[in-house]
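# Geometric and topological summary
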Amino acid sequence: MRRFAMSFAILLAATAVPAIAEQAPITGERPFAARPFKAVEIASFESPWALAFLPDGRMLVTEKAGRLVMLSSDGKRRTVVSGIPAVDSSGQGALGDVVAHPDFAANQLVYFSYSAPGSPNGVVLARGKLAGGVDAARLENVTTIYRAHPLKSGGHYAGRIAFSPDGHLFFAMGERQNFTPAQEPDGVLGKVVRLTLDGKPAPGNPLATKGFDPAVWSYGHRNPLGLAFDLEGRLWDAEMGPKGGDEVNLVLPGRNYGWPIVSNGSHYDGRPIPDHATRPEFEAPKVSWNPSISPSSLLVYSGKLFPEWRGKALIGGLSAQTLILVGLGENSAQEEARYDMGKRIRAVAEGPDGAVYLLEDKAGGRLLRLSPAGKL
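Keep in mind that what you see is a predicted model, and the values were worked out from it rather than measured.

### Remarks on the overall build of the protein
Assigned secondary structure in the protein consists of two helices and 25 strands. Taken against the 2.2 N^0.38 rule, which gives 21 Å for 376 residues, the C-alpha radius of gyration of the protein at 19 Å falls within 12% of a compact globule. For the protein, the C-alpha atoms occupy an extent of roughly 55 × 45 × 40 Å along the three principal directions. Counting across all 376 residues of the protein, residues that qualify as buried make up 59%. Here the analysis covers contacts within the protein between residues at least 6 apart in sequence; of these, 57% occur between residues at least 24 apart. Within the structure as shown, the protein displays about 14800 Å² of accessible surface, and the carbon and sulfur contribution to it stands at 53%. Measuring between centres, the 40 positive side-chain charges of the protein sit 4 Å from its 37 negative side-chain charges.

Here it is, written out as C-alpha coordinates:
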(Lines give C-alpha, C1' and ligand atoms only; values in the text may rest on other atoms or scores of the structure.)
Protein backbone atom coordinates (compact mmCIF):
# COMPACT_ATOMS: atom_id res chain seq x y z
CA MET A 1 0.00 0.00 0.00
CA ARG A 2 2.93 2.38 0.60
CA ARG A 3 3.87 2.37 -3.09
CA PHE A 4 0.24 3.13 -3.99
CA ALA A 5 0.04 6.02 -1.50
CA MET A 6 3.34 7.51 -2.68
CA SER A 7 2.40 7.37 -6.36
CA PHE A 8 -0.98 8.97 -5.59
CA ALA A 9 0.75 11.74 -3.61
CA ILE A 10 3.00 12.53 -6.58
CA LEU A 11 -0.05 12.63 -8.86
CA LEU A 12 -1.90 14.84 -6.41
CA ALA A 13 0.93 17.35 -6.16
CA ALA A 14 0.98 17.75 -9.94
CA THR A 15 -2.77 18.32 -10.29
CA ALA A 16 -4.48 21.68 -9.92
CA VAL A 17 -8.10 21.90 -8.75
CA PRO A 18 -10.19 23.18 -11.67
CA ALA A 19 -12.67 25.99 -11.22
CA ILE A 20 -16.08 24.50 -12.00
CA ALA A 21 -19.25 26.58 -11.85
CA GLU A 22 -22.35 25.31 -10.10
CA GLN A 23 -24.73 23.56 -12.51
CA ALA A 24 -28.50 23.60 -12.22
CA PRO A 25 -30.36 20.32 -12.77
CA ILE A 26 -30.07 19.33 -16.42
CA THR A 27 -33.49 19.06 -18.03
CA GLY A 28 -34.45 18.31 -21.61
CA GLU A 29 -32.38 16.74 -24.33
CA ARG A 30 -28.82 17.94 -24.95
CA PRO A 31 -26.86 17.84 -28.21
CA PHE A 32 -24.12 15.33 -28.85
CA ALA A 33 -20.54 16.52 -29.20
CA ALA A 34 -18.26 15.45 -32.03
CA ARG A 35 -16.24 12.43 -30.97
CA PRO A 36 -12.59 13.25 -30.23
CA PHE A 37 -11.81 9.53 -30.42
CA LYS A 38 -12.09 6.47 -32.60
CA ALA A 39 -13.57 3.25 -31.21
CA VAL A 40 -12.14 -0.17 -32.05
CA GLU A 41 -13.81 -3.45 -31.04
CA ILE A 42 -11.56 -5.69 -28.94
CA ALA A 43 -13.91 -8.52 -27.94
CA SER A 44 -17.54 -9.29 -27.12
CA PHE A 45 -19.29 -10.82 -24.13
CA GLU A 46 -22.62 -12.05 -22.82
CA SER A 47 -24.10 -9.23 -20.74
CA PRO A 48 -20.83 -7.88 -19.32
CA TRP A 49 -20.96 -5.82 -16.12
CA ALA A 50 -17.49 -4.57 -15.15
CA LEU A 51 -13.89 -4.41 -16.36
CA ALA A 52 -10.56 -4.26 -14.54
CA PHE A 53 -6.99 -4.09 -15.81
CA LEU A 54 -4.04 -5.91 -14.32
CA PRO A 55 -0.62 -4.20 -14.34
CA ASP A 56 0.60 -6.25 -17.31
CA GLY A 57 -2.41 -5.24 -19.44
CA ARG A 58 -4.49 -8.39 -18.99
CA MET A 59 -8.17 -7.69 -18.46
CA LEU A 60 -10.81 -9.15 -16.17
CA VAL A 61 -14.43 -8.87 -17.31
CA THR A 62 -17.46 -9.91 -15.27
CA GLU A 63 -20.57 -11.24 -16.97
CA LYS A 64 -24.01 -10.96 -15.40
CA ALA A 65 -24.63 -14.70 -15.29
CA GLY A 66 -21.64 -15.30 -13.02
CA ARG A 67 -18.62 -15.74 -15.25
CA LEU A 68 -15.30 -13.97 -14.79
CA VAL A 69 -13.39 -13.82 -18.07
CA MET A 70 -9.69 -13.05 -18.46
CA LEU A 71 -8.47 -11.49 -21.70
CA SER A 72 -4.90 -11.18 -22.89
CA SER A 73 -3.62 -7.63 -23.25
CA ASP A 74 -4.37 -7.68 -26.98
CA GLY A 75 -7.81 -9.20 -26.44
CA LYS A 76 -7.09 -12.18 -28.69
CA ARG A 77 -6.98 -14.88 -26.01
CA ARG A 78 -9.47 -15.52 -23.26
CA THR A 79 -10.32 -17.97 -20.53
CA VAL A 80 -13.03 -18.31 -17.91
CA VAL A 81 -11.51 -17.81 -14.47
CA SER A 82 -12.51 -20.63 -12.13
CA GLY A 83 -13.30 -20.19 -8.44
CA ILE A 84 -16.23 -17.74 -8.60
CA PRO A 85 -18.99 -18.67 -6.11
CA ALA A 86 -22.58 -19.30 -7.19
CA VAL A 87 -24.34 -16.11 -8.31
CA ASP A 88 -28.05 -15.28 -8.35
CA SER A 89 -28.31 -13.48 -11.68
CA SER A 90 -32.09 -13.24 -11.80
CA GLY A 91 -33.58 -9.78 -12.21
CA GLN A 92 -30.89 -7.20 -11.50
CA GLY A 93 -28.62 -9.77 -9.85
CA ALA A 94 -25.16 -10.26 -11.32
CA LEU A 95 -21.52 -10.99 -10.86
CA GLY A 96 -20.81 -7.30 -10.41
CA ASP A 97 -17.73 -5.20 -9.92
CA VAL A 98 -14.15 -6.45 -10.10
CA VAL A 99 -11.09 -4.48 -8.93
CA ALA A 100 -7.46 -5.48 -8.53
CA HIS A 101 -5.80 -4.70 -5.20
CA PRO A 102 -3.65 -1.53 -5.50
CA ASP A 103 -0.60 -3.68 -4.73
CA PHE A 104 -1.69 -6.51 -7.02
CA ALA A 105 1.81 -7.01 -8.40
CA ALA A 106 2.92 -8.11 -4.93
CA ASN A 107 -0.13 -9.99 -3.63
CA GLN A 108 -2.22 -11.01 -6.71
CA LEU A 109 -5.46 -10.18 -4.88
CA VAL A 110 -8.69 -9.44 -6.73
CA TYR A 111 -11.85 -8.04 -5.10
CA PHE A 112 -15.29 -8.63 -6.60
CA SER A 113 -18.97 -8.27 -5.75
CA TYR A 114 -21.95 -10.46 -6.57
CA SER A 115 -25.56 -11.08 -5.65
CA ALA A 116 -25.56 -14.21 -3.52
CA PRO A 117 -28.28 -16.88 -3.84
CA GLY A 118 -31.04 -16.85 -1.25
CA SER A 119 -34.52 -15.55 -0.60
CA PRO A 120 -34.22 -12.81 0.43
CA ASN A 121 -30.64 -12.13 -0.51
CA GLY A 122 -27.98 -9.45 -0.76
CA VAL A 123 -24.80 -8.27 -2.40
CA VAL A 124 -21.51 -9.76 -1.21
CA LEU A 125 -17.96 -8.43 -1.33
CA ALA A 126 -15.32 -11.14 -1.77
CA ARG A 127 -11.68 -11.49 -2.67
CA GLY A 128 -9.35 -14.18 -3.94
CA LYS A 129 -5.82 -14.70 -5.15
CA LEU A 130 -5.47 -14.84 -8.93
CA ALA A 131 -3.28 -17.66 -10.18
CA GLY A 132 -2.43 -19.01 -13.62
CA GLY A 133 -2.19 -17.30 -16.98
CA VAL A 134 -4.66 -16.58 -19.76
CA ASP A 135 -5.00 -20.29 -20.57
CA ALA A 136 -5.73 -21.54 -17.04
CA ALA A 137 -6.64 -18.68 -14.71
CA ARG A 138 -8.24 -19.36 -11.35
CA LEU A 139 -9.12 -17.60 -8.11
CA GLU A 140 -7.75 -19.32 -5.04
CA ASN A 141 -8.69 -18.89 -1.37
CA VAL A 142 -11.87 -17.01 -2.24
CA THR A 143 -13.22 -15.41 0.93
CA THR A 144 -16.35 -13.40 1.64
CA ILE A 145 -15.19 -10.29 3.49
CA TYR A 146 -18.43 -8.27 3.67
CA ARG A 147 -22.17 -8.82 3.25
CA ALA A 148 -24.93 -6.26 2.75
CA HIS A 149 -27.53 -6.32 5.50
CA PRO A 150 -30.38 -6.63 6.16
CA LEU A 151 -31.33 -9.09 3.43
CA LYS A 152 -34.16 -7.89 1.18
CA SER A 153 -35.91 -8.85 -2.03
CA GLY A 154 -35.73 -6.52 -5.02
CA GLY A 155 -33.17 -4.99 -7.37
CA HIS A 156 -30.66 -2.16 -6.81
CA TYR A 157 -27.78 -4.28 -5.55
CA ALA A 158 -25.10 -1.78 -6.72
CA GLY A 159 -21.89 -3.37 -5.34
CA ARG A 160 -19.30 -0.88 -6.63
CA ILE A 161 -15.79 -1.02 -5.16
CA ALA A 162 -13.15 1.71 -4.79
CA PHE A 163 -9.81 1.88 -2.99
CA SER A 164 -8.99 5.18 -1.32
CA PRO A 165 -5.56 6.86 -1.47
CA ASP A 166 -5.09 6.28 2.27
CA GLY A 167 -5.57 2.51 2.00
CA HIS A 168 -9.26 1.99 2.79
CA LEU A 169 -11.85 0.03 0.87
CA PHE A 170 -15.14 1.70 -0.05
CA PHE A 171 -18.20 -0.33 -1.01
CA ALA A 172 -21.49 1.12 -2.34
CA MET A 173 -24.83 -0.67 -1.91
CA GLY A 174 -28.28 0.10 -3.25
CA GLU A 175 -31.48 0.18 -1.21
CA ARG A 176 -32.89 -2.90 -2.98
CA GLN A 177 -35.88 -0.92 -4.32
CA ASN A 178 -37.21 -0.79 -0.76
CA PHE A 179 -36.87 3.01 -0.31
CA THR A 180 -36.67 3.38 3.48
CA PRO A 181 -33.53 1.27 4.17
CA ALA A 182 -31.48 4.15 2.76
CA GLN A 183 -32.39 6.17 5.88
CA GLU A 184 -32.31 3.38 8.47
CA PRO A 185 -29.24 3.61 10.70
CA ASP A 186 -28.85 -0.05 11.67
CA GLY A 187 -28.31 -1.45 8.15
CA VAL A 188 -26.10 -0.68 5.17
CA LEU A 189 -28.56 -0.71 2.26
CA GLY A 190 -28.58 2.59 0.37
CA LYS A 191 -25.21 3.45 1.86
CA VAL A 192 -21.51 3.74 1.13
CA VAL A 193 -19.33 1.99 3.70
CA ARG A 194 -15.65 2.44 4.52
CA LEU A 195 -13.82 -0.77 5.37
CA THR A 196 -10.36 -2.07 6.08
CA LEU A 197 -8.84 -4.13 3.27
CA ASP A 198 -10.04 -7.22 5.16
CA GLY A 199 -13.65 -6.04 5.12
CA LYS A 200 -13.99 -4.83 8.70
CA PRO A 201 -15.54 -1.45 9.56
CA ALA A 202 -12.73 1.10 9.37
CA PRO A 203 -11.82 2.80 12.65
CA GLY A 204 -13.04 6.39 12.88
CA ASN A 205 -16.04 6.12 10.58
CA PRO A 206 -18.12 9.29 10.96
CA LEU A 207 -21.42 7.82 12.17
CA ALA A 208 -20.19 4.96 14.35
CA THR A 209 -20.91 6.88 17.56
CA LYS A 210 -24.30 8.18 16.36
CA GLY A 211 -26.32 4.95 16.36
CA PHE A 212 -25.41 3.84 12.83
CA ASP A 213 -23.84 0.61 11.66
CA PRO A 214 -20.12 1.20 12.32
CA ALA A 215 -19.16 0.77 8.66
CA VAL A 216 -21.34 3.59 7.28
CA TRP A 217 -19.59 6.49 5.56
CA SER A 218 -22.63 8.14 3.91
CA TYR A 219 -26.31 7.31 3.49
CA GLY A 220 -29.52 8.24 1.68
CA HIS A 221 -28.34 6.73 -1.62
CA ARG A 222 -30.66 4.98 -4.09
CA ASN A 223 -28.58 2.88 -6.49
CA PRO A 224 -24.93 4.02 -6.69
CA LEU A 225 -23.53 2.34 -9.80
CA GLY A 226 -20.34 4.38 -10.19
CA LEU A 227 -17.74 4.98 -7.48
CA ALA A 228 -14.30 6.55 -7.92
CA PHE A 229 -11.75 8.86 -6.32
CA ASP A 230 -10.62 11.91 -8.23
CA LEU A 231 -7.03 13.09 -8.55
CA GLU A 232 -7.41 15.20 -5.40
CA GLY A 233 -8.57 12.25 -3.31
CA ARG A 234 -12.30 13.13 -3.24
CA LEU A 235 -14.87 10.37 -3.61
CA TRP A 236 -17.61 10.66 -6.26
CA ASP A 237 -20.54 8.47 -7.18
CA ALA A 238 -22.86 8.20 -10.17
CA GLU A 239 -26.28 7.23 -8.94
CA MET A 240 -29.35 5.89 -10.69
CA GLY A 241 -32.33 8.02 -9.73
CA PRO A 242 -36.06 7.28 -10.11
CA LYS A 243 -37.85 8.73 -13.16
CA GLY A 244 -35.31 11.42 -13.83
CA GLY A 245 -33.11 12.58 -11.00
CA ASP A 246 -29.98 10.62 -11.92
CA GLU A 247 -27.09 12.07 -9.95
CA VAL A 248 -23.39 12.71 -9.59
CA ASN A 249 -22.54 13.18 -5.92
CA LEU A 250 -19.47 14.27 -4.03
CA VAL A 251 -19.54 11.60 -1.32
CA LEU A 252 -18.63 13.24 1.98
CA PRO A 253 -18.26 11.60 5.40
CA GLY A 254 -21.43 11.37 7.47
CA ARG A 255 -23.64 13.14 4.93
CA ASN A 256 -27.23 12.20 4.13
CA TYR A 257 -28.07 12.33 0.39
CA GLY A 258 -31.80 12.34 1.00
CA TRP A 259 -33.27 9.31 -0.75
CA PRO A 260 -36.21 8.58 -0.66
CA ILE A 261 -37.26 11.84 1.03
CA VAL A 262 -35.92 14.08 -1.75
CA SER A 263 -34.89 13.64 -5.37
CA ASN A 264 -34.69 15.85 -8.44
CA GLY A 265 -36.81 13.24 -10.22
CA SER A 266 -40.22 11.71 -9.61
CA HIS A 267 -41.69 8.26 -8.98
CA TYR A 268 -42.22 6.00 -11.98
CA ASP A 269 -46.00 6.32 -11.59
CA GLY A 270 -45.67 10.10 -11.90
CA ARG A 271 -46.04 11.02 -8.23
CA PRO A 272 -43.75 13.94 -7.39
CA ILE A 273 -40.86 13.78 -4.95
CA PRO A 274 -39.72 16.98 -3.22
CA ASP A 275 -36.57 18.38 -4.84
CA HIS A 276 -33.31 18.69 -2.94
CA ALA A 277 -33.73 22.45 -2.90
CA THR A 278 -36.73 22.11 -0.57
CA ARG A 279 -34.69 20.32 2.11
CA PRO A 280 -31.26 21.94 2.47
CA GLU A 281 -30.30 19.61 5.32
CA PHE A 282 -29.74 16.88 2.71
CA GLU A 283 -26.63 16.85 0.54
CA ALA A 284 -27.64 17.82 -3.00
CA PRO A 285 -26.15 16.27 -6.15
CA LYS A 286 -23.50 18.23 -8.01
CA VAL A 287 -25.11 17.24 -11.32
CA SER A 288 -28.56 15.75 -11.90
CA TRP A 289 -30.37 14.70 -15.08
CA ASN A 290 -34.04 14.66 -16.02
CA PRO A 291 -34.79 12.90 -18.33
CA SER A 292 -32.67 10.04 -17.13
CA ILE A 293 -29.33 9.00 -18.55
CA SER A 294 -29.26 5.81 -16.41
CA PRO A 295 -25.64 6.06 -15.22
CA SER A 296 -23.92 2.70 -15.03
CA SER A 297 -20.35 3.52 -14.06
CA LEU A 298 -17.89 6.31 -13.34
CA LEU A 299 -14.21 6.67 -14.24
CA VAL A 300 -11.96 9.58 -13.26
CA TYR A 301 -9.46 9.78 -16.09
CA SER A 302 -5.78 10.09 -15.13
CA GLY A 303 -3.95 9.15 -18.34
CA LYS A 304 -2.03 11.03 -21.02
CA LEU A 305 -3.73 9.98 -24.26
CA PHE A 306 -6.60 12.41 -23.65
CA PRO A 307 -5.02 15.38 -21.83
CA GLU A 308 -8.25 17.37 -22.12
CA TRP A 309 -10.03 14.67 -20.07
CA ARG A 310 -7.48 14.43 -17.29
CA GLY A 311 -9.06 14.77 -13.84
CA LYS A 312 -12.58 14.65 -15.28
CA ALA A 313 -15.24 11.96 -14.93
CA LEU A 314 -16.45 9.72 -17.72
CA ILE A 315 -19.89 8.22 -17.09
CA GLY A 316 -21.51 5.41 -19.04
CA GLY A 317 -25.18 5.93 -19.90
CA LEU A 318 -27.51 2.96 -20.31
CA SER A 319 -30.84 4.37 -21.50
CA ALA A 320 -29.06 7.42 -22.95
CA GLN A 321 -26.60 5.20 -24.87
CA THR A 322 -23.90 7.74 -24.27
CA LEU A 323 -20.51 8.46 -22.79
CA ILE A 324 -20.76 11.65 -20.72
CA LEU A 325 -17.83 13.88 -19.75
CA VAL A 326 -18.20 15.71 -16.43
CA GLY A 327 -15.73 18.27 -15.11
CA LEU A 328 -15.02 17.94 -11.38
CA GLY A 329 -14.25 20.86 -9.10
CA GLU A 330 -13.52 21.15 -5.40
CA ASN A 331 -17.21 21.26 -4.49
CA SER A 332 -18.99 21.23 -7.82
CA ALA A 333 -19.28 19.42 -11.13
CA GLN A 334 -20.62 20.16 -14.59
CA GLU A 335 -21.45 18.16 -17.70
CA GLU A 336 -19.07 19.24 -20.47
CA ALA A 337 -19.92 16.90 -23.34
CA ARG A 338 -21.89 13.81 -24.24
CA TYR A 339 -20.92 11.40 -27.00
CA ASP A 340 -23.42 9.24 -28.84
CA MET A 341 -22.33 5.59 -28.62
CA GLY A 342 -25.49 4.05 -30.11
CA LYS A 343 -25.50 1.29 -27.48
CA ARG A 344 -26.13 0.99 -23.76
CA ILE A 345 -22.80 1.56 -21.99
CA ARG A 346 -22.38 -0.66 -18.96
CA ALA A 347 -18.81 0.12 -17.84
CA VAL A 348 -15.97 2.58 -18.39
CA ALA A 349 -12.34 1.82 -17.54
CA GLU A 350 -8.87 3.22 -18.22
CA GLY A 351 -6.16 0.97 -19.58
CA PRO A 352 -2.48 1.08 -18.60
CA ASP A 353 -1.80 2.81 -21.91
CA GLY A 354 -4.22 5.65 -21.14
CA ALA A 355 -6.83 4.45 -23.63
CA VAL A 356 -10.45 4.41 -22.46
CA TYR A 357 -12.33 1.13 -22.65
CA LEU A 358 -16.11 0.76 -22.77
CA LEU A 359 -18.29 -2.29 -22.22
CA GLU A 360 -21.62 -2.35 -24.01
CA ASP A 361 -24.58 -3.85 -22.17
CA LYS A 362 -26.65 -6.98 -22.90
CA ALA A 363 -25.93 -10.08 -24.99
CA GLY A 364 -23.11 -9.56 -27.47
CA GLY A 365 -21.91 -6.46 -25.62
CA ARG A 366 -18.62 -5.33 -27.14
CA LEU A 367 -15.46 -4.19 -25.45
CA LEU A 368 -14.38 -0.99 -27.24
CA ARG A 369 -11.01 0.74 -27.04
CA LEU A 370 -11.17 4.52 -27.43
CA SER A 371 -8.04 6.32 -28.60
CA PRO A 372 -7.64 9.88 -29.92
CA ALA A 373 -8.74 10.28 -33.51
CA GLY A 374 -5.71 9.94 -35.78
CA LYS A 375 -3.70 7.86 -33.28
CA LEU A 376 -3.28 4.12 -32.86
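Let's pick the thread back up.
### Considerations on the sheet that holds strand β11 (residues 158-163)
Read from one edge of the open sheet, four strands run β11-β12-β13-β14, paired in antiparallel fashion. With one partner strand each, in any of the chains shown, β11 and β14 (216-219) form the two edges of the open sheet. Neighbouring strand axes in the sheet, compared pairwise and without regard to direction, differ in orientation by 20 degrees on average. Here strand β13 (residues 191-195) pairs with β14 via three bridges, running antiparallel. Each bridged residue has a counterpart across the sheet, and for V192 the counterpart in β14 is S218.

### Thoughts on the environment of L367
With respect to the helices, strands and loops of the structure, L367 is situated in strand β25 (residues 363-372). Judged by its relative accessible area of 0%, L367 is buried. Considering only alpha carbons, one finds L367 and G75, 292 residues apart in sequence, at a separation of 9.2 Å. When sequence neighbours within four positions are dropped, the list of residues in contact with L367 reads V40, E41, I42, A43, F45, L51, M59, L71, Y357, L358 and L359.

### Quick notes on the pairing of strand β21 (residues 322-328)
Along β21, seven of the seven residues are buried, which leaves the element largely enclosed by surrounding structure. The two faces of β21 match: T322, I324, V326 and L328 on one face and L323, L325 and G327 on the other face are all buried. Where strand β20 (residues 313-317) lies against β21, five bridges are found, and the strand directions are antiparallel. Bridge pairing in β21 places A313 opposite V326. Counting the residues between successive antiparallel strands, the hairpin from β20 to β21 contains four residues, one of them, Q321, with a positive phi of roughly 55 degrees. Of the strand pairs in this sheet, β21 and strand β22 (residues 333-340) are connected by seven bridges, and their pairing is antiparallel. Note that in β22 the partner of L323 across the bridge is Y339. Linking β21 back to β22 in an antiparallel pair, the connection comprises four residues.

### Considering the pattern of salt bridges
It is possible for side chains bearing opposite charge to pair when their charged atoms get close. Under the criterion given, the structure shown has 19 salt bridges. With a shortest N-O distance of 2.7 Å, E360 and R366 are connected by a salt bridge. A relative accessible area of 4% places E360 in the buried class. Here the salt bridges do not stand alone but share partners, grouping R30, E335 and R338 into one network.

### Let's talk about the environment of G122
Of note, G122 is situated in the loop between β8 (109-115) and β9 (123-131). Expressed as a C-alpha distance, the spacing of G122 and L250, which sit 128 residues apart in the sequence, is 25 Å. The contact partners of G122, leaving out residues within four places of it in the chain, are Y114, S115, A116, L151, Y157 and R176.

### Comments concerning the environment of A363
As for its placement among the helices and strands, A363 is situated in strand β25. In sequence terms A363 and T62 are 301 residues apart; their C-alpha atoms lie 13 Å from each other. With residues up to four places along the chain from it excluded, the contact list for A363 reads F45, E46 and S47.

Conventions used here
Throughout this description, residue numbers start from 1 for each chain and increase along the sequence as written. Per-residue local features of the predicted model are confined to residues with pLDDT of at least 70, and side-chain atom pairs are confined, for both listing and counting, to 80 or more; whole-chain, interface and lining totals are unaffected and use all residues. Calculation of side-chain values draws on the structure's entire complement of heavy atoms; hydrogens and water are dropped beforehand. A helix here means a DSSP run of H or I that spans at least four residues, while a strand means a run of E at least two residues long, and both kinds are numbered starting from the N terminus. Only C-alpha atoms enter the radius of gyration; for comparison, a globular chain is expected to reach 2.2 Å times N to the power 0.38, where N is the number of residues. Relative accessible area decides the class of each residue, using a 1.4 Å probe on protein chains only: under 20% of the type maximum gives buried, over 50% gives exposed, and in between gives partly exposed. Two residues form a contact once any of their heavy atoms are found within 4.5 Å. The protein chains shown are the only cover counted for residues, whose accessible areas, like all others here, come from Shrake-Rupley with a 1.4 Å probe. In summary, the charge assignment counts Lys and Arg as positive and Asp and Glu as negative, without counting His or the chain termini. All charge positions are set by atom: Lys at NZ, Arg at CZ, Asp at CG, Glu at CD. In this description, strands pair whenever DSSP reports at least two bridges between them. Inter-axis angles, ranging from 0 to 180 degrees, are taken between N-to-C directions of lines fitted to C-alpha atoms, where helices are fitted over the stretch in contact. The salt bridge definition used is simple: a Lys or Arg side-chain nitrogen within 4 Å of an Asp or Glu carboxyl oxygen.

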